[in-house]
Amino acid sequence: MYDFLVDLIGNEIIAAFISAALPVVFIVPFVIFGVLMERKVAGHMQDRLGPMRVGYHGILQTVADFFKLLQKEDIVADGIDKKFFNFAPYLVFAGSYAVYAALPFSSKYIGADIDLGIFYIIAVSGLVVAGILMAGWTSNNKYSLYGALRSAAQIVSYEIPTALIILSMVMLTGTLSLAEMSEMQTAYFWNWNIFGGAEWSFTKLLLIPFMFAGFLLFYISSLAEVNRTPFDMPEAESELVGGYHTEYSGIKFSMFFLAEYANMFAVSALVSVLFFGGYHSPIGYVGNTLGLEALIPFEQVFWFAAKGIFFVFVQMWLRWTLPRVRVDQLMTICWKYLIPYAFLNLLIIGIITLI
Amino acid sequence: MLTEFGKIFVFLIFAMLFVAISIFIARLIRPTRPTKEKLKIYECGEEAMGTPWIKFNIRFYVVALIFLIFDVEVVLLFPWAITYKDYGIYGFLVGIIFLVVLAIGMAYEWRKGDLEWARPKPNIPDLSKILKKKIAQPETIEPSADN
């Protein structure tokens, strides 16, 4: 994509900027759709209808909300550390946006095709923690401080099981690049990593249960990484008002919101790349049967988005199924259950790959 | 020629620009009518008492330390995870020994109770009592008074 843009425009910097702008073209409609989906899923699961007023069955509700947020007054209360208070939304959004640089949307589009791929994603998501701590501490509000500290402890702790599962996937595939990892799981769905990878051998059968275990561990810890229920202590609205963004209003608040939904999609996309074949179609391409090569990248973007949105839907589903855990239970789940199991999974997958 | 990391830098700049532009657009169209009540810190309608910038008991200080160790460990293991297959069983064992040492460290922390939310009181074995019991045990006919 970048090379194509360079040929088209002739200037590298402008081409890089256009290529970097493409994820936003995806994120903003996704957030508009995702917020509506969240409310509709919540409504229907509780036997309500959800928003119904704006547009047919309320489909334009989020657009209306967006314009409302845009013209809201921006209140910076007394005693707030203004400089850092204003800087925190930048950091949080940049942190979650930088993750999209290494996500392969299709075989033709990846923001930056670095060999370190997934390692870079683990590293750069640390920016979000810094932004959240900054927002919580400078807000001069007790709720914000509690929310930020809980959030930081949670994200930091659950990074370890996530990293361990990623490590075991790296041992299986032998590469850190997400594009290569997706390329390995090409063709039909039985080549996905969750079904033991593309190689047909005895080890494929042995791997399947451990891949499923790895997927579950990864999904649980990714839920905690993006502060979703049942791990939504940082924003527990019944105890902490709004968590670290209590004092934010108007467009700055919506930047936090945007970053949160962008993160939700990013971890879901990561799940799909690691275990469910990334951008590859489970049932073959229409472009191949019709003989239209140009159609394939668009189909790949469709499958990538569909898999991501499915896992986002599961996150919303879990929100209305499970109650919130306590803070001490949260830490117990991470340190006493997820990490030992992830360790064990890593060892077993290592032994199986050696056979 | 932009390198791949240069593109990531462009991504970061673009994200910052995106936030800056949206905040700028909002500034053009939003009203600014602050009042005394609006500018108060939100505390569910109560008057805010004191400052939140106090010394704060972070319970998971030790957990943060263990996290640091584990994070460094993961960083060290990534290169190993890519290349261990080239060295066969020996390459695998080298990594496993490293992992086991760390697991022992974590088991120690667990045993010490640093992973509990409320840290239990350190249970220091009282040497004098144990010795007394051992001495007292043979003479079962006469149980010691201060048990």
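Keep in mind that this is a model prediction, so the values were computed, not measured.

Trainee: When you look at the overall build of chain B in this model, what are you seeing that I'm missing?
Mentor: Within chain B one finds four helices and zero strands. When the helices and strands of chain B are read in sequence order from the N terminus, they spell out α-α-α-α. Looking at the 147 residues of chain B, the share that counts as buried comes to 12%.

Trainee: Is there a simple way to think about the overall build of chain A in this case?
Mentor: Within chain A, the secondary structure is distributed over 14 helices and zero strands. In sequence order, the secondary structure elements of chain A are arranged as α-α-α-α-α-α-α-α-α-α-α-α-α-α. For a compact globule of 355 residues, the expected C-alpha radius of gyration is about 20 Å, and chain A comes in at 21 Å, within 12% of that figure. Taking the principal axes of its C-alpha atoms as reference, chain A extends roughly 65 × 55 × 45 Å. Each of the 355 residues in chain A was classed as buried or not, and the buried ones make up 51%. Expressed as a percentage of contacts within chain A between residues at least 6 apart in sequence, the contacts between residues at least 24 apart total 74%.

Trainee: It is not clear to me how the interface of chain A and chain B should be interpreted in this structure. Could you clarify?
Mentor: Think of interface size as the accessible area that goes away when the parts come together; that is how it is often given. Contact with chain A, which involves 58 residues of that partner, is made by 46 residues of chain B. Those elements giving two or more residues to the side of chain A that touches chain B turn out to be α2 (12–45), α4 (82–99), α7 (142–173), α11 (250–275) and α14 (327–354) of chain A. In terms of residues, the side of chain A that touches chain B owes the most to one element, α7(A), which gives eleven residues. A breakdown of the residues in the side of chain A that touches chain B according to their chemical character gives 36 nonpolar, eleven polar and eleven charged.

Trainee: In this structure, what is going on with the environment of Ser128(B)? I would like to understand it.
Mentor: Residue and element names in this part refer to chain B. Here Ser128 shows up in helix α4 (residues 127–136). Here Ser128 falls in the exposed class, since 7 other C-beta atoms lie within 10 Å of it. A sequence separation of 49 residues divides Ser128 from Pro79, and the C-alpha atoms of the two residues are 51 Å apart.

Trainee: It is not clear to me how the domain arrangement of chain A should be interpreted in this structure. Could you clarify?
Mentor: Residues and elements named next belong to chain A. Each assigned domain of chain A is listed here: domain 1 (1–71) and domain 2 (77–354). Centre-to-centre separation of domain 1 and domain 2, based on C-alpha positions: 19 Å. Between domain 1 and domain 2, the contact holds 18 residues from the first and 17 residues from the second. Elements with a minimum of two residues in the side of domain 1 that touches domain 2: α2 and α3 (61–70). No other element matches α2, which puts 14 residues into the side of domain 1 that touches domain 2. Split into classes, the residues belonging to the side of domain 1 that touches domain 2 amount to 14 nonpolar, three polar and one charged.

Trainee: Help me understand the packing of α11(A) against helix α1 (residues 4–29) of chain B, please; the structure alone is not making it clear to me.
Mentor: A pair of packed helices can be characterised by two numbers: the angle between their axes and the separation between those axes. Two numbers describe how α11(A) lies on α1(B): the axes approach to 9 Å, and their chain directions differ by 150 degrees. Between α11(A) and α1(B), the angle is such that the two are roughly antiparallel. Like other packed secondary-structure pairs, α11(A) and α1(B) cross with a definite hand, here right-handed. Mapping the contact onto sequence places Gly250(A), Ile251(A), Lys252(A) and Met255(A) in α11(A) and Val19(B), Ser22(B), Ile23(B) and Ala26(B) in α1(B). Per-class residue counts for the contact of α11(A) with α1(B) are five nonpolar, two polar and one charged.

Trainee: What should I look at first to understand helix α2 (residues 61–83) of chain B in this one?
Mentor: Side chains that are three or four residues apart share a direction in an α-helix, a result of its 3.6 residues per turn. With 23 residues, α2(B) should reach 33 Å at 1.5 Å per residue; the first-to-last C-alpha distance of 35 Å fits that figure. Maximal helix bending in α2(B) amounts to about 30 degrees, located at Leu77(B); proline Pro79(B) follows within four positions. Here α2(B) has its buried residues at Ile66(B), Phe70(B), Leu77(B) and Ala81(B). Those residues of α2(B) hidden inside the fold are in contact with α7 of chain A together with α3 (88–112) of chain B.

Trainee: Help me understand the environment of Val94(B) in this model?
Mentor: Residue and element names in this part refer to chain B. If you trace the backbone, Val94 turns up in helix α3. Using a count of 13 C-beta atoms within 10 Å as the deciding quantity, one classes Val94 as partly exposed. Taking the C-alpha atoms as reference points, Val94 and Ile8, 86 residues apart in sequence, are found 34 Å from one another.

Thresholds, definitions, all that
- Residues numbered from 1 in each chain as written.
- Chains lettered and ligands numbered in written order.
- Predicted model: local features only at pLDDT ≥ 70, side-chain atom pairs only at ≥ 80, totals over all residues.
- Helix = DSSP H or I, 4+ residues; strand = E, 2+ residues; numbered from the N terminus.
- Buried ≥ 20, exposed ≤ 12 C-beta atoms within 10 Å, placed from the backbone.
- Rg over C-alpha atoms; globule rule 2.2 N^0.38 Å.
- Contact = placed C-beta atoms within 7 Å.
- Nonpolar A, V, L, I, M, F, W, Y, C, P; charged D, E, K, R; others polar.
- Domains from an automatic or database assignment.
- Axes fitted to C-alpha atoms, helices over the stretch in contact; angles between N-to-C directions.
- Parallel < 35°, antiparallel > 145°, perpendicular 65-115°, else oblique.
- Left-handed = near helix turned anticlockwise from the far one by under 90°.
- Expected span 1.5 Å × (residues − 1).
- Bend = angle between axes of the 7 residues up to and from the residue.

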